[in-house]
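# Report on the structure
For reference, the chains in residue letters:
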Amino acid sequence: MSESFRPDCRETIERNLWAAPAVFVAVSWALFQKNDATSASTVAWIIYTAGWIAALGLLVRSAGRRRNPGVGAVFAFGVLVLMGAQFWANQG
């Protein structure tokens, strides 16, 4: 048995990583709803910013392999940009 991942397994992992920013955005949204603590807002911004790591890492990986990142990149960056703008408009 080969140590490398099967192509279908690699694709599943990549799809899940492209969807990962949605989890960070959801947690950030929940923390922004806590209006009683200013530290919750700071933590929410940190978690939101951490959501960019997986998306940017996959984008660099796709560029390095000279592959089209596909619709996963559109979803990941779309969620991050749209919700970031929403968070900034409501908290800024």
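Residues numbered from 1 in each chain as written. Predicted model: local features only at pLDDT ≥ 70, side-chain atom pairs only at ≥ 80, totals over all residues. Heavy atoms only, no water.

## Quick look at the nonpolar core
Going by this rule: The term nonpolar core refers to a set of buried residues drawn from Ala, Val, Leu, Ile, Met, Phe, Trp, Tyr and Cys, joined through side-chain atoms within 4.5 Å. The rule is simple: take the accessible area with a 1.4 Å probe, protein chains only, and divide by the maximum for that residue type; under 20% is buried, over 50% is exposed, in between is partly exposed. The helix and strand labels rest on DSSP assignments: H or I over at least four residues marks a helix, E over at least two residues marks a strand, and numbering proceeds from the N terminus. In what follows, residue pairs with any heavy atoms lying within 4.5 Å of each other are defined as contacts.
The biggest cluster of nonpolar side chains holds 14 residues, and the ones touching the most others in it are W18, V25, Y48, A55, F77, L80 and F87. Within the residue set of this core, elements represented by two or more residues are α1 (7-32), α2 (38-64) and α3 (71-91). The biggest single contributor to this core is α3, with 6 residues. When near neighbours in sequence (up to four residues on either side) are disregarded, Y48 contacts V25, S28, L80, V81, G84 and F87.

## Description of the side chain of E14
The following threshold applies: Pairs of N or O atoms are called polar contacts if they sit within 3.5 Å, as long as, within protein, a hydrogen donor faces a hydrogen acceptor (for residues adjacent in sequence, only side-chain-to-side-chain pairs).
Mapped onto the secondary structure, E14 falls in helix α1. Within the structure, E14 has its side chain in polar contact with the side chain of R61 (distance 3.0 Å). Apart from the residues lying within four places of it in its own chain, the contact partners of E14 are L58, R61 and R67.

## A few points about the confidence of the model for the chain
Segments scoring low in pLDDT should not have their predicted coordinates read at a detailed level. Inclusion rule: Confidence of the predictor at the level of single residues is captured by pLDDT, which takes values from 0 to 100.
The pLDDT averaged across the chain works out to 88; a share of 91% of its residues lies at or above 70. Mean pLDDT values over the elements of the chain span from 89, in α1, up to 93, in α3.

## Describing the packing of aromatic side chains
Inclusion rule: What counts as a ring pair is set by centres within 6.5 Å for rings of Phe, Tyr and Trp (its six-membered ring), and what kind of pair is set by the plane angle: stacked under 30 degrees, edge-to-face over 60, tilted for all other angles.
In this structure the tally under the stated criterion is 8 aromatic pairs. Judged by centre distance (6.3 Å) and plane angle (65°), the ring pair of W18 and F77 falls under edge-to-face. Of the two residues, W18 is situated in helix α1 and F77 in helix α3; the sequence distance between them amounts to 59 residues. Comparing W18 with F77 shows no difference in burial state: the two are buried.

## Structural notes on α2
To keep things clear, this is the line we draw: Expected span of a helix, by definition, is 1.5 Å for each gap between consecutive residues, and there is one gap fewer than residues.
With 27 residues, α2 should cover 39 Å at 1.5 Å per step; its first-to-last C-alpha distance of 40 Å lies within 8% of that length. All of the buried residues along α2 are A40, S41, A44, Y48, G51, A55, L58 and S62. Immediately beyond the C-terminal end of α2, within one or two residues, lies R66, with a positive phi of roughly 55°.

## Observations concerning the environment of I46
Structurally, I46 can be placed in helix α2. Sequence-wise, I46 and F24 are 22 residues apart; in three dimensions their C-alpha atoms are separated by 9.7 Å.

## Considerations on α3
The cut-off we apply is this: What the arc covers is the set of directions going from the helix axis to the C-beta atoms.
For α3, which comprises 21 residues, the first-to-last C-alpha distance of 29 Å matches the rise-based estimate of 30 Å (1.5 Å per residue) to within 8%. All buried positions along α3 are accounted for by G72, A73, A76, F77, V79, L80, G84 and F87. Projected down its long axis, α3 carries its buried residues within an arc of 150°, all on one side. The exposed residues of α3 that point more than 90 degrees off its buried face are V71, V74, L82, A89 and N90.

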